[in-house]
Amino acid sequence: MPQKVIVAQPKVKTQPKLEQPKLYKVILRNDDYTPREFVTIVLRAVFRMNEETGNRVMMTAHRFGSAVVVVCTRDIAETKSTEANDLAKEAGFPLLFTIEPEE
């Protein structure tokens, strides 16, 4: 009697491919009214920058009209920019942070 050969095929588990979340830039927009010291305070408080980094970002925006503050996921970018804009509004300054998709 011939023997039956059974070939066992391993089950292939497919993992769904998780896409990396899209990243967004938080951008500091320069204005002619907000004091530099206040901008640095906001950068330190909201974005947890040290004084040197805060000064550098502030001066970049001052010289070039805008500066990328941080690149992160959309929800974090929206939260941080809103928090920074609210601080400026409470202090009576037109300081503006915006978000844009990272390309």
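About the criteria used
- Residues numbered from 1 in each chain as written.
- Predicted model: local features only at pLDDT ≥ 70, side-chain atom pairs only at ≥ 80, totals over all residues.
- Heavy atoms only, no water.
- Helix = DSSP H or I, 4+ residues; strand = E, 2+ residues; numbered from the N terminus.
- Expected span 1.5 Å × (residues − 1).
- Buried < 20%, exposed > 50% of the residue type's maximum accessible area, 1.4 Å probe, protein only.
- Contact = heavy atoms within 4.5 Å.
- Phe/Tyr/Trp six-rings, centres within 6.5 Å; stacked < 30°, edge-to-face > 60°.
- UniProt positions renumbered as here; feature names shortened; annotations may be inferred.
- Core = buried A, V, L, I, M, F, W, Y, C linked by side-chain atoms within 4.5 Å.

*Asks:* I tried to follow helix α1 (residues 36–47) on my own but got confused; where do I start?
*Replies:* Along an α-helix, residues three or four positions apart point the same way, because every turn accommodates 3.6 residues. In this model, α1 (twelve residues) spans 16 Å end to end at C-alpha, consistent with the 16 Å of a helix rising 1.5 Å per residue. Buried within α1 are the following residues: Phe38, Val39, Thr40, Val42, Leu43, Val46 and Phe47. Looking at the packing, one finds that the buried side of α1 touches β1 (23–29), α2 (51–64), β2 (66–73), α3 (74–91) and β3 (96–101). Two residues or fewer after α1 comes arginine 48, characterised by a positive phi angle close to 55 degrees.

*Asks:* Explain the packing of aromatic side chains here, please?
*Replies:* Each pair of aromatic rings is reported with the distance of its centres and the angle of its planes. Enumeration over the complete set of coordinates arrives at two aromatic pairs. For the pair phenylalanine 38 and phenylalanine 93, a centre-to-centre distance of 4.8 Å together with 45 degrees between the ring planes defines the contact as tilted. Linking phenylalanine 38 in helix α1 with phenylalanine 93 in the loop between α3 and β3, this pair joins segments that are 55 residues apart in sequence. Look at phenylalanine 38 and you get buried, because its relative accessible area is 16%. Geometrically, the ring pair formed by phenylalanine 47 and phenylalanine 97 is tilted, given 5.5 Å between the ring centres and 35 degrees between the ring planes. Separated by 50 residues along the polypeptide, phenylalanine 47 in helix α1 and phenylalanine 97 in strand β3 bring together distant segments of the chain.

*Asks:* I would appreciate a short explanation of the UniProt feature "domain: Adaptor protein ClpS core" (unreviewed entry) in the chain in the present structure.
*Replies:* Under the UniProt annotation, the feature "domain: Adaptor protein ClpS core" (unreviewed entry) is placed at residues 20–98. The distance separating the terminal C-alpha atoms of residues 20–98 is 22 Å; by composition the span is 56% helix and 23% strand.

*Asks:* Can you help me understand the environment of valine 12 in this one?
*Replies:* Looking at the element boundaries, valine 12 is found in the segment before β1. Spatially, the C-alpha atom of valine 12 lies 51 Å from that of serine 66, the residues being 54 residues apart in sequence.

*Asks:* Please explain the nonpolar core as it appears in this structure.
*Replies:* One recurring pattern in soluble globular proteins is that nonpolar side chains are buried together. Counting 21 residues, the largest nonpolar core has Leu28, Leu43, Phe47, Val69, Leu95 and Phe97 as its most contacted members. Contributing elements (two or more residues each) for this core: β1, α1, α2, β2 and α3. Among the elements that make up this core, the one with the highest residue count is α1 (six residues). With sequence-adjacent residues up to four places away left out, phenylalanine 47 is seen in contact with Val26, Val42, Val69, Val70, Lys80, Ala84 and Phe97.

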